[in-house]
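Each chain is listed here by its residues.
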Amino acid sequence: MNDRRVRVWDLPTRLFHWALLVCIVGSLVSVKIGGDAIAWHFRFGFAILTLVAFRVIWGFIGSRYARFASFPPNPFAALRYLGGRSEPTPGHNPLGAFSVYALLAALAFQAGSGLFANDSIMWDGPLKRLISSDTSDLITTLHRLNRFVLLGLIALHLGAILFYSRIKKETLVAPMVAGDREYPAGVPLPEAADDSAGLRLRALIVLVACAVAVGYTVTQVR
């Protein structure tokens, strides 16, 4: 066993990351197909809303490096990081922190606005009846525009992964798969993140609660 490996990402955080990727791809593909596939677009949207709600809560009660407190949005720290004047961080670096917050905000808006949107033909968001048609049309326009914001943020995220892999010779994907980050000899090892059975059970409870809340909202509040 390599004793230079440190657990950085807990299993719930990793599963969130990959589940969110699947749901985003599914949402984009289903809306592109159109027709009856829009039903799946809504389902993926509900799943994204559930996952984002989970991640926000997990940002306060999750493991060490999953918590927002470990990567607060700090523009000065981000500038120092860009200039190579900051120490490496086990979790999200200061620049990556802004990417996380921006993606969560954009995804929350996209999934939330979809609840009130319409396609002017046969599909309405489950909460459209709570607002006027004009307001729904406005939200629908913003929903469509925000898709490009999301695509831009995703492109930046993928670009950063490629930059780290090709230029800095550091993989960001492997730790998000296995959970561990490897440190070379001579580099002080950071504190490992908790990834115990108790933490995983806590995550499951939070996820179920978020799913129930979203499910109730889209099926009962009508």
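Residues numbered from 1 in each chain as written. Predicted model: local features only at pLDDT ≥ 70, side-chain atom pairs only at ≥ 80, totals over all residues. Heavy atoms only, no water.

Student: Would you mind showing me how to read the overall build of the protein here?
Tutor: Secondary structure assignment for the protein yields seven helices and two strands. Ordered by position from N to C terminus, the α and β elements of the protein give β-α-α-α-α-α-α-β-α. Taken along the three principal axes of its C-alpha coordinates, the protein extends 65 × 40 × 30 Å. The buried share of the protein, taken over its 222 residues, is 38%. Of the accessible surface of the protein, which amounts to about 12800 Å², a share of 68% is contributed by carbon and sulfur atoms. (Helix = DSSP H or I, 4+ residues; strand = E, 2+ residues; numbered from the N terminus. Buried < 20%, exposed > 50% of the residue type's maximum accessible area, 1.4 Å probe, protein only. Areas by Shrake-Rupley, 256 points an atom, 1.4 Å probe, with all protein chains shown as cover.)

Student: Would you explain the pattern of salt bridges in this entry?
Tutor: Side chains carrying opposite charge are able to pair once their charged atoms draw close together. Considering all chains together, one arrives at six salt bridges under this definition. For the salt bridge of Arg14 with Asp195, the shortest nitrogen-to-oxygen distance reads 3.1 Å. In this pair, Arg14 is assigned in helix 1 (residues 11-33) and Asp195 in the loop between strand 2 (180-182) and helix 7 (197-220), connecting sequence segments 181 residues apart. In this structure Arg14 comes out as buried when scored by relative accessible area, which is 7%. Notably, a salt bridge pairs Arg64 with Glu191, separated by 3.0 Å at the nearest N-O pair. Of this pair, Arg64 sits in the loop between helix 2 (38-61) and helix 3 (75-82) while Glu191 sits in the loop between strand 2 and helix 7, placing them 127 residues apart in sequence. Through salt bridges with shared partners, a single network forms among Arg7, Arg14, Asp180, Asp195 and Arg200. (Salt bridge = Lys/Arg side-chain N within 4 Å of Asp/Glu carboxyl O.)

Student: In this structure, what is going on with the nonpolar core? I would like to understand it.
Tutor: For soluble globular proteins, the rule of thumb is that nonpolar side chains tend to be buried together. Core analysis: the largest hydrophobic core is formed by 31 residues, its most contacted members being Phe16, Leu20, Ile48, Phe54, Trp58, Leu104 and Leu107. For this core, the secondary structure elements donating two or more residues are helix 1, helix 2, helix 4 (94-114), helix 5 (133-166) and helix 7. With five residues, the next largest nonpolar core counts Val8, Tyr65, Met176 and Ala193 among its residues. (Core = buried A, V, L, I, M, F, W, Y, C linked by side-chain atoms within 4.5 Å.)

Student: Help me understand the packing of aromatic side chains, please; the structure alone is not making it clear to me.
Tutor: The geometry of two aromatic rings is summed up by the distance between their centres and the angle between their planes. Enumeration over the complete set of coordinates arrives at nine aromatic pairs. Relative to Phe46, the ring of Phe42 has its centre 6.2 Å away and its plane inclined at 40 degrees; by these criteria the two rings are tilted. Placement of the pair is Phe42 and Phe46 together in helix 2, with a separation of four residues, close to one helical turn. Given a relative accessible area of 22%, Phe46 falls into the partly exposed group. Three or more aromatic residues joined by ring pairs form one cluster here, namely Phe60, Phe68, Phe71 and Tyr101. Its end group placed over the ring of Trp40, Arg43 keeps NZ or CZ at 4.6 Å from the ring centre. It is Arg147 that lies over the ring of Phe148; its NZ or CZ is 5.2 Å from the centre. (Phe/Tyr/Trp six-rings, centres within 6.5 Å; stacked < 30°, edge-to-face > 60°. Lys NZ or Arg CZ within 6 Å of the ring centre and 35° of its normal.)

Student: Can you help me understand a nonpolar patch on the surface in this one?
Tutor: Judged by side-chain polarity, Trp18, Leu21, Val25, Val29, Ile33, Val173 and Val177 come together as a nonpolar surface patch covering roughly 600 Å² of accessible area. Per element, the largest residue contribution to the nonpolar patch is five residues, and it comes from helix 1. Its location among the elements puts Ile33 in helix 1. (Patch = residues over 30% accessible without salt bridge, like charges linked within 9 Å, V, L, I, M, F, W, Y side chains within 5 Å.)

Student: Would you mind showing me how to read helix 5 here?
Tutor: An α-helical segment advances 3.6 residues per turn. Residues three or four places apart therefore align on the same side. With 34 residues, helix 5 should reach 50 Å at 1.5 Å per residue; the first-to-last C-alpha distance of 49 Å fits that figure. The complete set of buried residues in helix 5 reads Ser136, Ile139, Thr140, His143, Asn146, Leu150, Leu153 and Tyr164. Looking at the buried positions of helix 5, the neighbouring elements they touch are helix 2, helix 3 and helix 4. (Expected span 1.5 Å × (residues − 1). Contact = heavy atoms within 4.5 Å.)

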